[in-house]
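Results of the structural survey
One letter stands for each residue in the lines below.
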Amino acid sequence: QVQLVESGGGLVQAGGSLRLSCTASGVIFSMRNMGWYRQAPGKSRDLVAAMTSGGSPSYAESVKGRFTISRDNAKNLVYLQMNSLKPEDTAVYYCGVNKRGPGNYWGQGTQVTVSS
């Protein structure tokens, strides 16, 4: 049984920083492609940052230069460092890991709120 748990969300002022963490059981991050996604109210769930099983990162244009995805293989943790946060970054952030078939495993999400 795969379980993903996100943490680290909160309320921060514009320009501030947060670091999100995703821990997993039942799946090893270094063996799967995964990503951080976010979903604002009334909007779709969009990919923010991704990391391949080999460790190559990629980012949505809206967060390039501000967000950094990283992985600790020894702890089976994935992080999303978010700097220079903007009000438009406000959303629920989800950790998603590719299944061997179609679709992702998902965590429960963590709320990030950026005040102006």
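Okay, so let's go over this structure. Small disclaimer: the values here were computed from a predicted structure and weren't measured. (Residues numbered from 1 in each chain as written. Predicted model: local features only at pLDDT ≥ 70, side-chain atom pairs only at ≥ 80, totals over all residues. Heavy atoms only, no water.)

Within this structure, the stated rule accounts for two aromatic pairs. An angle of 80° between the planes, with centres 6.4 Å apart, marks the rings of Y94 and W106 as edge-to-face. You can see Y94 sitting in strand 9 (residues 91-98) and its partner W106 sitting in strand 10 (residues 104-106), a full 12 residues away along the chain. The exposure class assigned to W106 is partly exposed, which follows from its relative accessible area of 36%. Cluster of aromatic residues (ring-pair linked, three or more members): Y37, Y94 and W106. (Phe/Tyr/Trp six-rings, centres within 6.5 Å; stacked < 30°, edge-to-face > 60°. Helix = DSSP H or I, 4+ residues; strand = E, 2+ residues; numbered from the N terminus. Buried < 20%, exposed > 50% of the residue type's maximum accessible area, 1.4 Å probe, protein only.)

Here we take up the side chain of N104. The residue N104 is located in strand 10 in this model. A polar contact of 3.1 Å, which involves the side chain of N104, links it to the side chain of Y37. Within polar-contact distance, the side chain of N104 engages the side chain of N98 at 2.8 Å. In this view, N104 contacts Y37, G96, V97, N98 and K99; residues no more than four positions away in its chain are not counted. (Polar contact = N/O pair within 3.5 Å; in protein donor to acceptor, adjacent residues only side chain to side chain. Contact = heavy atoms within 4.5 Å.)

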